[in-house]
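# A look at the structure
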Amino acid sequence: MKGKRVLALDVGNRRIGVAYSDPLGISANPLPYIENNEKVFENIKKLVEEYDIGKLVVGLPLTLKGEEGEQARITKAFVEELKKHIPDIPVEFVDERFTTSLAEQHLRETTKKSKRKKKVDSLAAVFILKTYLQQQQFRNG
């Protein structure tokens, strides 16, 4: 693994929520979302370099039954393209069911309505990253 931090992505059709871990893999910190446009891979690559990222974690939107639907296929295709731009960084998927709902609920409780939309994608990425970090702590005892 190149870097010490983990970068989490919540892939959406228009925006990508982003969060990164501390070097010890304990905390998850949101970053501003990035637009899902022609510069998205270039922008993710910049974040990988700037934050010393050693692994990417991408939320996989499974159905309530735990199956892959259309959005999961779109996310996997996005990751395949991402790997072409950042081939040296391993990518893992994390079940992201309910992360956007959790983020929206949290923001309803803590943030003014006018500021919620800009924060929901990256907060969902924080929940994805927290799930991953907890799984790693559980595996490593």
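So, a few notes on the structure that sits alongside this text. This structure is a prediction, so every number in the text was calculated from the model and none was measured.

Let us now look at the nonpolar core. Counting residues in each nonpolar core, the largest one holds 23 residues, and the members touching the most others are Leu7, Leu9 and Ile44. Counting residues per element, the ones that place at least two in this core are β1 (5-11), β2 (15-21), β3 (28-35), α1 (40-50), β4 (53-60) and α2 (70-85). When residues in this core are grouped by element, the largest group, 5 residues, is from α1. By size, the runner-up hydrophobic cluster in this structure holds 13 residues, among which are Val6, Leu123, Ala125 and Val126.

So, on to the sheet that holds β4. One open sheet holds the 5 strands; their spatial order is β3-β2-β1-β4-β5, and the pairing between them is mixed. One side of each edge strand has no neighbouring strand; the edge strands of this open sheet are β3 and β5 (91-95). Neighbour to neighbour, the strand axes of the sheet diverge by 25° on average, direction disregarded. The sheet contact formed by β1 and β2 spans 5 bridges and is antiparallel. Looking across to β2, one finds that Leu7 is bridged to Tyr20. Where α1 meets the sheet, its contacts fall on β1, β2, β3 and β4, and the angle it forms with β3 comes to roughly 155°.

Cut-offs used in this document
- Residues numbered from 1 in each chain as written.
- Predicted model: local features only at pLDDT ≥ 70, side-chain atom pairs only at ≥ 80, totals over all residues.
- Heavy atoms only, no water.
- Core = buried A, V, L, I, M, F, W, Y, C linked by side-chain atoms within 4.5 Å.
- Buried < 20%, exposed > 50% of the residue type's maximum accessible area, 1.4 Å probe, protein only.
- Helix = DSSP H or I, 4+ residues; strand = E, 2+ residues; numbered from the N terminus.
- Pairing = 2+ DSSP bridges.
- Axes fitted to C-alpha atoms, helices over the stretch in contact; angles between N-to-C directions.
- Contact = heavy atoms within 4.5 Å.

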